[in-house]
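Chain residues, written in single-letter form:
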Amino acid sequence: MKKMSNIYESAANTLGIFNSPCLTKVELRVACKGISDRDALSKPDPCVILKMQSHGQWFEVDRTEVIRTCINPVFSKLFTVDFYFEEVQRLRFEVHDISSNHNGLKEADFLGSMECTLGQIVSQRKLSKSLLKHGNTAGKSSITVIAEELSGNDDYVELSFSARKLDDKDFFSKSDPFLEIFRVNDDATQQLVHRTEVVMNNLNPAWKTFKVSVNSLCSGDQDRRLKCIVWDWDSNGKHDFIGEFSSTFKEMRGAMEGRQVQWECINPKYKAKKKNYKNSGIVILNQCKIHKMHSFLDYIMGGCQIQFTVAIDFTASNGDPRNSCSLHYIHPYQPNEYLKALVAVGEICQDYDSDKMFPAFGFGARIPPEYKVSHDFAINFNEDNPECAGIQGVVEAYQSCLPKLQLYGPTNIAPIIQKVAKSASEETNTKEASQYFILLILTDGVITDMADTREAIVHASHLPMSVIIVGVGNADFSDMQMLDGDDGILRSPKGEPVLRDIVQFVPFRNFKHASPAALAKSVLAEVPNQVVDYYNGKGIKPKCMSEYESSRTLAP
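Residues numbered from 1 in each chain as written. Predicted model: local features only at pLDDT ≥ 70, side-chain atom pairs only at ≥ 80, totals over all residues. Heavy atoms only, no water.

Where an unreviewed UniProt entry is consulted, the chain appears under the name CPNE4 protein, with the organism given as Halcyon senegalensis.

Here's what the structure looks like:
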């Protein structure tokens, strides 16, 4: 156990990388007013896209649902973003009119945008600004963003509603019901928490199960009033009121362990006018499941090991290692970019690995004795045990293998991703959070096997692993950005999307004059969330919670 406690100490020391001084999660809710379509005859189908600025470029973070025929949309979908107190985080909210036959932006009309910083929204809690059209002209339309800190309680709840015998509001067919849930705030204002999909032509609808954070549902107060309204959807955007009821999260929790909770759906006008009015239908909560969210530290301190693997590009484009212009040149006093990147990232990862043994591979070279090209050879030339002792061991193996290789090509990284994925998939059989794999790929150029690599990443996104790619040298790495799903969703050649974003790509030249910690921070910043997303998504708890939890509660 002594060994493990050392890991915790060093983990706590290096966690400064991960837990930036004030990392808080913030939920942003969006609503717009008075948006007009270019086509004056029809109302727009708006969708808001949130973009964030990084190194002077805008990247898409997420987008809301599309609300059909609506000029004053209140969006149900939340944006969850990390708030760093010490950074200026620039945001851009773009409103697009997405025509019903096409969900892409190519066909969409741009209706306006608003730029601000996350700090402005957080400090004001509620920010309303005009939407600016092209040329920065303000129209009559505006956007409001409300920020709420996800304080401490990241638990979320899964709810499954249905209804029966709802009032029929349509002449020629049955009602098309949907349900809206509002949280009633302390100042009596109402905040939309969730809007279900519309179930067409059905007085006994079963809506899809949905997830919502406990924070968002009731601000952590189980007795807070929740107002629920059932509407009959109309294509013109003027939905008919069917009825409403009130509840609390405490009451909804009655639908745990297979029980149901039901409410009469009441239309107050009918109740006042009609003598024998009973209700406008019954709404049933069929299940309420609470999911506990664990943090990165919970998993690490529960004994989850980070298994760090490195893969190095030995293709001919690096240049002859004997030549001082080569990216692989071993200078007596100055480490090359490969070594700098390896040490910066490896030194942090090694704190989370108790045996400090790291598999190290090379790709794109002809290797002895037969000098066949290999894309996943052990750089210590021991295929049965490719592990090196510590980061120093990797550095030594790298330096000693260089003279024995013939640098060749092409630049294929799918084989090495598949190799680590094989180990990660064996780990999934344990059904516990014991090993999470990080593959660091160091490469000097754009990869040749893009289709196979996309396929391998989509497959790996279902496994406990993350891939970090550092681009070394001055090549044009624009194609590599595509693997980093930040500005859209990475898909396999067959169109299957990644389950989670697991790739982080960084060109080393962006950090050439910065400290090694800056490079490490940039490439490892997403890892804690990736670890947490993987295990929480699979419902896997930290291994020995009890010891860590007790130490955490007793800590001064």
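And the narrative resumes.
Participant: Describe the overall build of the chain, with residues and values.
Facilitator: Along the chain, the regular secondary structure elements total 13 helices and 26 strands. Each of the 556 residues in the chain was classed as buried or not, and the buried ones make up 50%. Accessible surface computed for the chain: about 26,500 Å², of which carbon and sulfur atoms make up 51%. (Helix = DSSP H or I, 4+ residues; strand = E, 2+ residues; numbered from the N terminus. Buried < 20%, exposed > 50% of the residue type's maximum accessible area, 1.4 Å probe, protein only. Areas by Shrake-Rupley, 256 points an atom, 1.4 Å probe, with all protein chains shown as cover.)

Participant: For the side chain of Gln307, give the residues involved together with the corresponding values.
Facilitator: Looking at the secondary structure, you find Gln307 in strand S17 (residues 305-313). Looking at Gln307, its side chain comes within polar contact range of the side chain of Gln435, at 2.7 Å. Beyond its immediate sequence surroundings of up to four residues, Gln307 is in contact with Asp353, Gln435, Tyr436, Phe437 and Ile438. (Polar contact = N/O pair within 3.5 Å; in protein donor to acceptor, adjacent residues only side chain to side chain. Contact = heavy atoms within 4.5 Å.)

Participant: Got a sec to walk through the pairing of strand S26 (residues 503-507)? Specific residues and values, please.
Facilitator: A large share of S26 lies buried, amounting to five of its five residues. Along S26, one buried face is formed by Val503, Phe505 and Pro507 and the opposite face, lined by Gln504 and Val506, is buried too. When strand S25 (residues 465-471) meets S26, the two strands line up parallel, connected through five bridges. Across the sheet, residue Val467 finds its bridge partner in S26, namely Val503. (Pairing = 2+ DSSP bridges.)

Participant: Provide a residue-level description of the pattern of salt bridges, including the pertinent values.
Facilitator: Here the structure, examined in full by the defined rule, presents 18 salt bridges. Notably, a salt bridge pairs Arg195 with Glu65, separated by 3.4 Å at the nearest N-O pair. In this pair, Arg195 is assigned in strand S11 (residues 190-195) and Glu65 in the loop between strand S3 (57-63) and strand S4 (79-84), connecting sequence segments 130 residues apart. Here Lys419 makes a salt bridge to Asp376, at a shortest N to O gap of 3.5 Å. (Salt bridge = Lys/Arg side-chain N within 4 Å of Asp/Glu carboxyl O.)

Participant: Kindly report on the nonpolar core, identifying the contributing residues and their values.
Facilitator: The biggest cluster of nonpolar side chains holds 55 residues, and the ones touching the most others in it are Phe314, Ile379, Leu442, Leu524 and Tyr535. Ranked by residue count, the leading element in this core is helix H7 (residues 337-349), at eight residues. (Core = buried A, V, L, I, M, F, W, Y, C linked by side-chain atoms within 4.5 Å.)

Participant: So what about unusual backbone geometry? Which residues, and what values?
Facilitator: Of note, the bond from Pro368 into Pro369 is cis; its omega dihedral lies within 30 degrees of zero at 0°. In this fold, Pro369 is placed in the loop between strand S19 (365-367) and strand S20 (372-374). Geometrically, the link from Gly409 to Pro410 is a cis peptide bond, its omega value of -5° lying close to zero. With respect to the helices and strands, Pro410 occurs in the loop between strand S23 (406-407) and helix H9 (414-428). The phi dihedral of Thr69 is positive, around 35°, even though this residue is not glycine.

Participant: Describe in detail the confidence of the model for the chain, supporting the description with residues and values.
Facilitator: Looking at the chain, the pLDDT average stands at 86 and 89% of residues meet or exceed 70. Below a pLDDT of 50 lies the segment residues 546-556, which in the model reaches five contacts outside its immediate sequence neighbourhood of four places, other chains included. (pLDDT = per-residue confidence, 0-100.)

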